[in-house]
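Topology and contacts: notes
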Amino acid sequence: QVQLVESGGGLAQPGGSLRLSCAASEIIFRILIMGWYRQVPGKQRELVAMVGDSGRTTYDDSVKGRFTISRDNAKNTVTLQMNKLKTEDTAVYYCKYKTTTKATAIRDYWGEGTQVTVSS
């Protein structure tokens, strides 16, 4: 089973920055989409940003202009650069990889999450 591990979470002040990274525990044949999600208590997990294998990116409106997602195909990692942080960004952040096997089966993998807290 592929395991994803997030890193880079922590405490930041409003207006500050954090950089999240996600790494896979083993080789993945092909990663179609790499994404970052976040979740707060009492709310559904929501998409923050994603990047396809073409490099095309999608962002939630709440983070456009502030967050940047990027992928490193050689390392099978995805990064979320978070700038101009707001208190509303406080959440547990999860990475997700949508992958395909050599047999073209689609498989999704989730990380365990990393806490991001934005507070003065």
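Here, every reference points to the structure presented above.
Residues numbered from 1 in each chain as written. Predicted model: local features only at pLDDT ≥ 70, side-chain atom pairs only at ≥ 80, totals over all residues. Heavy atoms only, no water.

1. Describing the packing of aromatic side chains
With the rule as written, the count across this model stands at 1 aromatic pair. For the cation-ring pair, Arg45 lies above Tyr94, with the distance from its terminal atom to the ring centre recorded as 3.6 Å. (Phe/Tyr/Trp six-rings, centres within 6.5 Å; stacked < 30°, edge-to-face > 60°. Lys NZ or Arg CZ within 6 Å of the ring centre and 35° of its normal.)

2. Concerning the state of the cysteines
Inspection of the entire model under this criterion finds 1 disulfide. Each sulfur in the disulfide pair Cys22 and Cys95 lies 2.0 Å from the other. Given an S-S torsion of about 55°, the disulfide between Cys22 and Cys95 has right-handed geometry. With Cys22 in strand S3 (residues 18–24) and Cys95 in strand S9 (residues 91–100), the pair connects residues that are 73 residues apart, well separated along the chain. (Disulfide = S-S within 2.5 Å. Helix = DSSP H or I, 4+ residues; strand = E, 2+ residues; numbered from the N terminus.)

3. Things to note about the nonpolar core
Formed by 28 residues in total, the largest nonpolar core has its most connected members in Trp36, Val78, Leu80, Met82 and Tyr93. Broken down by secondary-structure element, the contributors of at least two residues to this core are S3, strand S4 (30–39), strand S5 (46–52), strand S7 (67–72), strand S8 (77–82), S9 and strand S11 (114–118). It is S9 that provides the largest number of residues to this core, a total of 4 residues. With residues up to four places along the chain from it excluded, the contact list for Leu80 reads Leu18, Arg19, Leu20, Trp36, Val48, Ala49, Phe67, Thr68, Ile69 and Tyr93. (Core = buried A, V, L, I, M, F, W, Y, C linked by side-chain atoms within 4.5 Å. Buried < 20%, exposed > 50% of the residue type's maximum accessible area, 1.4 Å probe, protein only. Contact = heavy atoms within 4.5 Å.)

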